Amino acid sequence: MAENELPESIVICEVGTRDGLQNEKGTVSADDKAALIDAMGKAGFKVIEVGSFVSPRAVPQMANTDEVFARIHKIPGVEYRALIANLRGVDRAIACGCKKVKLNVSASTAHNLANLNCTPEQSVNRFAACVARAKEAGIGISGSISMVFGSPWDKEIPISSVEKIVEAYLSVGVSEISLSDASGMAYPVQVKEICRHMKKAYPEVKWWLHFHNTRGLGIANIMAGMECGFTNFDTSFAGVGGCPFVPGAAGNVATEDVLHMCDESGIKTGIDLDQAIEISRQVVKILGHTTDSYILRAGKAKDLIREIPKRQIQNQALKK
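In this text the structure is predicted, and so the values were computed from the model without any measurement. (Residues numbered from 1 in each chain as written. Predicted model: local features only at pLDDT ≥ 70, side-chain atom pairs only at ≥ 80, totals over all residues. Heavy atoms only, no water.)

### Description of the packing of helix H4 (residues 87–96) against helix H7 (residues 128–136)
To keep things clear, this is the line we draw: To obtain an axis, a line is fitted to C-alpha atoms, over the contacting stretch when the element is a helix, and the angle between two such axes runs from 0 to 180 degrees between their N-to-C directions. Numbering goes from the N terminus for both helices and strands, where a helix is a DSSP run of H or I of at least four residues and a strand is a run of E of at least two. Roughly parallel means an angle under 35 degrees; roughly antiparallel, over 145; roughly perpendicular, 65 to 115; everything else is oblique. Crossings are assigned a handedness: left-handed for a near helix turned anticlockwise from the far helix by less than a right angle, right-handed for a clockwise turn. Throughout, a contact is declared for two residues whenever any of their heavy atoms are within 4.5 Å. Residues were grouped as follows: Ala, Val, Leu, Ile, Met, Phe, Trp, Tyr, Cys and Pro as nonpolar; Asp, Glu, Lys and Arg as charged; and all remaining residues, including Gly, as polar.
Between H4 and H7, the shortest axis-to-axis distance is 9 Å and the interhelical angle comes to 15 degrees. In this view, H4 runs roughly parallel relative to H7, as classed from their interaxial angle. Between H4 and H7 the crossing geometry is right-handed. For the pair H4 and H7, contact is made by Leu87, Val90, Asp91 and Ile94 and by Ala129, Cys130, Arg133 and Ala134, respectively. When the residues that make up the contact of H4 with H7 are grouped by side-chain class, the tally is six nonpolar, no polar and two charged.

Pasting the structure below:
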């Protein structure tokens, strides 16, 4: 794929039931989450982030993730994954039948020190036990790096800091890595610079991009990533979510907005847009409030196209 050329197809991971719902004040029931996830599978999503195995005290919205895994009707070929923070998370994944887990660390040294009292590299090195346990159990494992594109604590993040974390992940056997804009500070020119660098420096890595639409640049950043050859992206139904630990970072990129953009651009996703829109409408009903989704507000562009009645055309012809 040439530079600035859009891909023929991309993969979208629906993160709504994890990153989306973790920022809500209330807790969505395991039954409602499972119903949404089952609908996602039927709509054509091939990767779904079900929830996270983290402390229920820290993130109470994710406390029922084990129950959700027990309730969903798994479709062959669909990857159902969850975020973990430590070895306990791997054990919970094993117990409930989760087959893919994801680790996370911040690229912001200040952020990581404040939250975990260690550097990002030290955090990743502690993941070796998680990787070993997951592999023993036949569970896939990936990693993510938050604050890659900027941080409220540091503003700019040196590319060398991100590289150190990537290399730390690779050293413990993790070669699928997500670059995340948890702070919502990314912009297209910067995204291109970082994506070009990472793709060239680490061609062995399977890359994902995770953007928030905090400042209205989410889809533009996804397009910038596509133009650099990245083809795996996280999105959230109805545009819900954000990180509860980052000031003002609410607002993932809406799944239906991205799907609509892809449909209009001829980029294949394998996901039925109309079904995805219905899922997001159901999410809005469950949550009981409006969300930041352009498509839910305005509908598809194709919905505006109206055919001129045949009789009107004939009448105009007669007048001539």
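### Observations concerning helix H11 (residues 255–265)
Selection rule: The classification of residues rests on relative accessible area computed with a 1.4 Å probe and restricted to protein chains. Under 20% of the type maximum is buried, over 50% is exposed, and intermediate values are partly exposed.
In terms of burial, H11 is a largely internal element, eight of the eleven residues being buried. When H11 is considered as a whole, its buried residues turn out to be Thr255, Glu256, Asp257, Val258, Leu259, His260, Met261 and Cys262. Where H11 is buried, its residues meet strand S1 (11–14), helix H10 (218–227), strand S8 (232–235), helix H12 (273–287) and helix H13 (294–298). Following H11 by one or two positions, Gly266 adopts a phi angle in the positive range, close to 75 degrees.

### Some details on the pairing of strand S7 (residues 206–210)
This is how the line gets drawn: Note on pairing: two strands pair once DSSP finds at least 2 bridges between them. For crossovers, right-handed means that the path from the first strand over the helix to the second runs clockwise, given strands pointing away from the viewer.
The buried count for S7 comes to four of five residues, which makes it a mostly enclosed element. Bridge count for strand S6 (residues 176–180) against S7 is five bridges, and the pairing is parallel. For Glu176, the partnering residue across the bridge sits in S7 and is Lys206. In this fold, S6 hands off to helix H9 (residues 188–201), which returns the chain to S7; that crossover is right-handed. As judged from the two bridges shared by S7 and S8, these two strands associate in the parallel manner. Bridge pairing links Leu209 to Phe233 in S8. For the handedness criterion, the β-α-β arrangement of S7, H10 and S8 is classed as right-handed.

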